[in-house]
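# Coordinate inspection notes
What follows is the residue order along each chain.
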Amino acid sequence: MTSETLRVGFLPLVDAALPILAHELGFAEAEGLSLELVRDMTWATVRDRLLYGHTDAAHMVAPLAIATALGRDRPAVPMAVPFVLGLNGNAITFSTALAQAVGLRDALGDPIAVGAALRQVAQLRAAEGRRLRFGVVHRYSSHNYMLRYWLAGVGIRPDADVEITVTSPPFAADALAAGEVDGICVGEPWNSIAVDRGVGRIALATAQIWRRGVEKVLALRGEVVDERRDAVLRLVRALHAAAAHFVRPETAEQSADILAGPAYLDASRDAILRAITDRIRLVPGGPPIHYPDFMFQYREAANFPWRSQAAWLYSQMARWDSLPYSDADAATAASTFRPDLYREALTGSGAPLPGASSKLEGGLDEPIGAGSVQGRLVLGADRFFDRRAFDPEDIPGYLATLP
């Protein structure tokens, strides 16, 4: 097999684990690939480096790949997402002052109850002319849309009752400490680091907002897929093998050691290990609590790029960009996710391959068998906190139901 080099951009987050482990543990090498990993500090830089050809692929927030394909904020560039790097893994962390004002307890709260308490504080602060401010990692991020979806669902109007600004994940704890924001919605380990530093308390896991919410993806320019399809398929196989390794309990310590290194996250090994093992320390000095599937990879074909996930992200883009719904834009958004490439890469591997490319999102209360063209596929509960389900075939109807 011919060895081929791919440059892959990433941000220092626990959910960058799969490309890092594929490189460090030989899964890429086994596919005839040499990965050069390029660390950045903002999603805008990761995107720009990818678009100008400084990298071939990137660990990226899923909505940013869609926004890039749609030409939001810059000229449109065709994009391809053949692999989902993980579901969930984020949290909403309040400053210690806001946590006290809301009355957070030493346990993950109910999203509706926490939201009701936050609404009272937000209304009081707005009346005083100093609205609460929340930091998210990019305008086009799942963090932004998860936060907004929750706030609107509990009666808090984003951009009216509260402000939402952008902060880089590695600096989110600093923004809390400096009083620049009252809360953050970021990926791990940066919530845990805010807690360990004594400047924040975790209020909710985003898995409580959408139980199987799409998070980071492998993103490439469409032309790279066209020109280097075989290498892309090999990369998908390497990442899938890394995911199988990553979710094994006996590998958690090894993964934390690798990710904590200065070339990757350059962060607390203990905080990283807690995220990998679904344990969250909510308050400074408190015992970590176990929240199953806080981060989610591999099982239930979690790495499969469902076009319905992309369609939900587009629905939120249409909602919060205040732009009219467009059939053409919805089709472009959905086609950015490439289940065809995932199937092509993993056919014959034994991995479960969904027969459909789209599904009802948020409709499952318990595990259910699903149709597959290879392997046995079971999908777990995937509810939104407000019990709404998303039908990708009727985005306008869905948008009409939202507060």
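Preceding this section is the structure that the text describes.
Let me sum up the structure you'll find in this document. (Residues numbered from 1 in each chain as written. Predicted model: local features only at pLDDT ≥ 70, side-chain atom pairs only at ≥ 80, totals over all residues. Heavy atoms only, no water.)

## Thoughts on the pairing of strand β8 (residues 162-166)
One ladder, built from 5 bridges, connects strand β7 (residues 132-136) with β8; its direction is parallel. Considered in β8, the bridge of F134 is made with I164. Handedness of the crossover is the feature at issue here: the chain leaves β7, passes through helix α7 (residues 142-153), returns alongside β8, and the resulting connection is right-handed. (Pairing = 2+ DSSP bridges. Helix = DSSP H or I, 4+ residues; strand = E, 2+ residues; numbered from the N terminus. Right-handed = clockwise from strand over helix to strand, strands pointing away.)

## Comments concerning helix α14 (residues 307-320)
Between the first and last C-alpha of α14 there are 20 Å, a value that for 14 residues agrees with the 20 Å anticipated at 1.5 Å per step. With 13 of 14 residues buried, α14 lies mostly within the body of the structure. Just beyond α14, the residue with positive phi is S322, at close to 55°. (Expected span 1.5 Å × (residues − 1). Buried < 20%, exposed > 50% of the residue type's maximum accessible area, 1.4 Å probe, protein only.)

## Quick look at the pairing of strand β4 (residues 79-84)
Judged by how many residues are buried, β4 sits mostly within the fold: 6 of 6 residues are covered. Across 4 bridges, the pairing between β4 and strand β11 (residues 216-221) is antiparallel. Within the sheet, the bridge partner assigned to M79 lies in β11 and is R221.

## Brief notes about unusual backbone geometry
Phi is mostly negative for residues that are not glycine, and the peptide bonds are mostly trans. The omega angle of the peptide bond from E188 to P189 is 15°, so this bond is cis rather than trans. Considering the arrangement of structural elements, one finds P189 in the loop between β9 (183-187) and α9 (190-196). Positive phi values are uncommon outside glycine, yet N88 reaches one of about 55°. As for its position among the elements, N88 is in strand β5 (residues 87-88). For N88, a relative accessible area of 3% gives the class buried. Phi is positive for D159, which is not a glycine, with a value near 75°. Tracing the backbone shows D159 in the loop between α7 and β8.

## A look at the sheet that holds β9
Paired through their backbone hydrogen bonds, the strands of a sheet run either parallel or antiparallel. Spatially, β8-β7-β9-β6-β10 is the arrangement adopted by the 5 strands of the open sheet, whose pairing is mixed. Two strands in the sheet have a free side with no partner beyond their single neighbour: β8 and β10 (200-205). Neighbour-to-neighbour, the strand axes of this sheet turn through a mean angle of 25°, independent of strand direction. Sheet topology note: the β7/β9 ladder contains 3 bridges and is parallel. Pairing of F134 across the sheet is with G183, part of β9. (Axes fitted to C-alpha atoms, helices over the stretch in contact; angles between N-to-C directions.)

## Some thoughts on the pattern of salt bridges
The full count for this structure, using the stated rule, is 40 salt bridges. A salt bridge links K216 to D15, with the shortest nitrogen-to-oxygen separation between them at 2.7 Å. In this pair, K216 is assigned in strand β11 and D15 in the loop between β1 (4-10) and α1 (17-24), connecting sequence segments 201 residues apart. Neither residue differs from the other here; K216 and D15 are each classed as buried. (Salt bridge = Lys/Arg side-chain N within 4 Å of Asp/Glu carboxyl O.)

## Topic: the nonpolar core
F94, L118 and W150 are the most contacted members of the largest nonpolar core, which totals 153 residues. Per element, the largest residue contribution to this core is 10 residues, and it comes from helix α11 (residues 229-246). (Core = buried A, V, L, I, M, F, W, Y, C linked by side-chain atoms within 4.5 Å.)

## What about the packing of α1 against helix α12 (residues 252-260)?
At a closest axis distance of 11 Å, the pairing of α1 and α12 adopts a crossing angle of 95°. By the criterion of interaxial angle, the relationship of α1 to α12 is roughly perpendicular. Counted together, A17, I20, L21 and E24 of α1 and S255, I258 and L259 of α12 form the full contact between these two elements. When grouped by side-chain class, the residues that make up the contact of α1 with α12 number 5 nonpolar, 1 polar and 1 charged. (Parallel < 35°, antiparallel > 145°, perpendicular 65-115°, else oblique. Contact = heavy atoms within 4.5 Å. Nonpolar A, V, L, I, M, F, W, Y, C, P; charged D, E, K, R; others polar.)

## Structural notes on the environment of D278
The topology assignment puts D278 in the loop between α13 (269-276) and β12 (279-280). Take D278: its relative accessible area is 12%, and that puts it in the buried class. Spatially, the C-alpha atoms of D278 and M295 are 6.5 Å apart, while their sequence positions differ by 17 residues. Residues contacting D278, with those up to four places away along its chain left out, are I289, H290, Y291, P292, D293, F294 and M295.

## What to know about the sheet that holds β11
With respect to topology, 5 strands assemble into an open sheet ordered β2-β1-β3-β11-β4, the strand pairing being mixed. Both outer strands of the open sheet, β2 (33-39) and β4, are each paired with one neighbouring strand and no more. Going across the sheet, the axis of each strand differs from the next one's by a mean of 30°, ignoring polarity. On top of the sheet, α11 reaches β1, β2, β3 (57-61), β4 and β11; it is set at about 30° to β4, its chief contact.

## Overview of the packing of aromatic side chains
Taken as a whole and judged by the stated rule, the model has 13 aromatic pairs. Between the aromatic rings of F94 and F134, the centroid separation amounts to 6.2 Å while the plane-to-plane angle is 65°, which identifies the pairing as edge-to-face. Of this pair, F94 sits in strand β6 (residues 90-95) while F134 sits in strand β7, and the two are 40 residues apart along the sequence. Here the two residues F94 and F134 agree in accessibility, since each one is buried. Where Y149 meets F385, the ring centres are 6.1 Å apart and the plane angle is 85°; that geometry is what we call edge-to-face. Taken as a pair, Y149 in helix α7 and F385 in the loop between β18 (377-379) and α17 (395-401) lie far apart in primary sequence, 236 residues in all. (Phe/Tyr/Trp six-rings, centres within 6.5 Å; stacked < 30°, edge-to-face > 60°.)

## Some words on α12
Within α12, the full set of buried residues consists of A252, S255, A256, I258, L259 and A260. Structurally, α12 contributes buried residues whose contacts are with α1, α11 and α13.

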